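# Observations on the model geometry
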Amino acid sequence: MHYFVSDIHLGSGDKGEQRRVERLFLDFLSKIEADAESLYLVGDIFDFWFEYKRVVPKGFVRVLGRLAELSDRGVKIVMLTGNHDMWVGDYLTEECGITIYTKPQTLTIAGKTLYVAHGDNMNIKGQPLLRAMNAIFRSKSLRWLASWLIHPNCFMRFGQWWSGKSRKSHSADYGPEVLDFLVDYALVYGQKHEIDYFVFGHLHYADDVKSAQRILFMGDWHSRPSYVVLDNNGEIELKHYN
Ligand SMILES: [Mn+2]
């Protein structure tokens, strides 16, 4: 079996909430370990991650330990970074055996072709502010400069504040219309490429869209935990997790 999750946002909320979500995710990892061949972490696993050459953020040790253990046992673990954790370096690869991708991927799994992406930085042509922010956040030289100029305590404080702000923009009640821009993206992309399934996170709204393309959206783990599972016959399903 092949599992996909996104938007765990580890480290967000107060201490109690952080621990609750961490335990929920650990519980999930225990349940899937019996039959998991691979696990895809589709972005925003951490609410804020910025890595220096010799410094990483505090916290999440249980999850990191568990992921390392799964990887040591032969489960393939892949992370596609999200807008909250795009600044990972080599730590998660070296310590936990996780393969990191910073861009959307077309993957062949169980005989199917999947297009897997967090979902940020896509279909934003008409949004100059968002595009500018993306260019700044993704700039390798700015990231390098920041890591030499800004003390980790300052950067973490800023990042955690920024992440909280960004996340609150998700917390309003909204419906499936929030998915439209990624559905549009998939419909256009699917006309030119042979894709069996699209898998996205980012919008914190779980849904299984069955139109001209099959597009699965995973929700966030603070309000509506869900995941996607692909079996070895190539059947895919969105599941809720409580
Ligand atoms: Mn998110």
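Whatever comes next refers back to the structure up there.
Summary of the structure given here. Source: prediction; values computed, not measured.

## Describing the sheet that holds strand 11 (residues 236-240)
- Here six strands make up an open sheet; going across it, the order is 4-3-2-1-10-11 and the pairing mixed. Here the strands that pair on one side only, and so sit at the sheet edges, are strand 4 (99-101) and strand 11. Put simply, the sheet's adjacent strands are angled 20° from each other on average, direction ignored.
- Relative to strand 2 (residues 38-41), strand 1 (residues 2-5) runs parallel, the two sharing four bridges.

## Side note on helix 7 (residues 180-192)
- Taking 1.5 Å of rise per residue, 13 residues should cover 18 Å, and helix 7 covers 19 Å from first to last C-alpha, within 8% of that figure.
- Buried residues belonging to helix 7 abut strand 5 (105-109), strand 6 (112-117), strand 7 (197-200), strand 8 (207-210) and strand 9 (214-217).

## Observations concerning the side chain of D85
- Relative to the helices and strands, D85 resides in the loop between strand 3 (76-80) and helix 3 (91-96).
- At 8.7 Å, R138 is the nearest oppositely charged side chain to D85, a buried residue that forms no salt bridge.
- There is a polar contact of 3.3 Å between the side chain of D85 and the backbone nitrogen of F46.
- Only 2.7 Å separates the side chain of D85 from the backbone nitrogen of G82, close enough to count as a polar contact.

## So, the packing of aromatic side chains
- All told, the structure shown has 31 aromatic pairs when counted by the stated rule.
- Ring centres of F4 and Y40 lie 4.8 Å apart, and the angle between their planes is 15°; on these two criteria the pair is classed as stacked. On the criterion of sequence distance, the pair formed by F4 in strand 1 and Y40 in strand 2 is long-range, its members being 36 residues apart. Here F4 and Y40 have matching classes, each one buried.
- Grouping aromatic residues by their ring pairs yields a cluster made of Y3, F25, F28, W221, Y227 and Y241.

Rules behind the numbers
- Residues numbered from 1 in each chain as written.
- Predicted model: local features only at pLDDT ≥ 70, side-chain atom pairs only at ≥ 80, totals over all residues.
- Heavy atoms only, no water.
- Pairing = 2+ DSSP bridges.
- Helix = DSSP H or I, 4+ residues; strand = E, 2+ residues; numbered from the N terminus.
- Axes fitted to C-alpha atoms, helices over the stretch in contact; angles between N-to-C directions.
- Expected span 1.5 Å × (residues − 1).
- Contact = heavy atoms within 4.5 Å.
- Buried < 20%, exposed > 50% of the residue type's maximum accessible area, 1.4 Å probe, protein only.
- Lys, Arg positive; Asp, Glu negative; His and termini not counted.
- Salt bridge = Lys/Arg side-chain N within 4 Å of Asp/Glu carboxyl O.
- Polar contact = N/O pair within 3.5 Å; in protein donor to acceptor, adjacent residues only side chain to side chain.
- Phe/Tyr/Trp six-rings, centres within 6.5 Å; stacked < 30°, edge-to-face > 60°.

As far as function goes, none of this settles anything; it's purely spatial.
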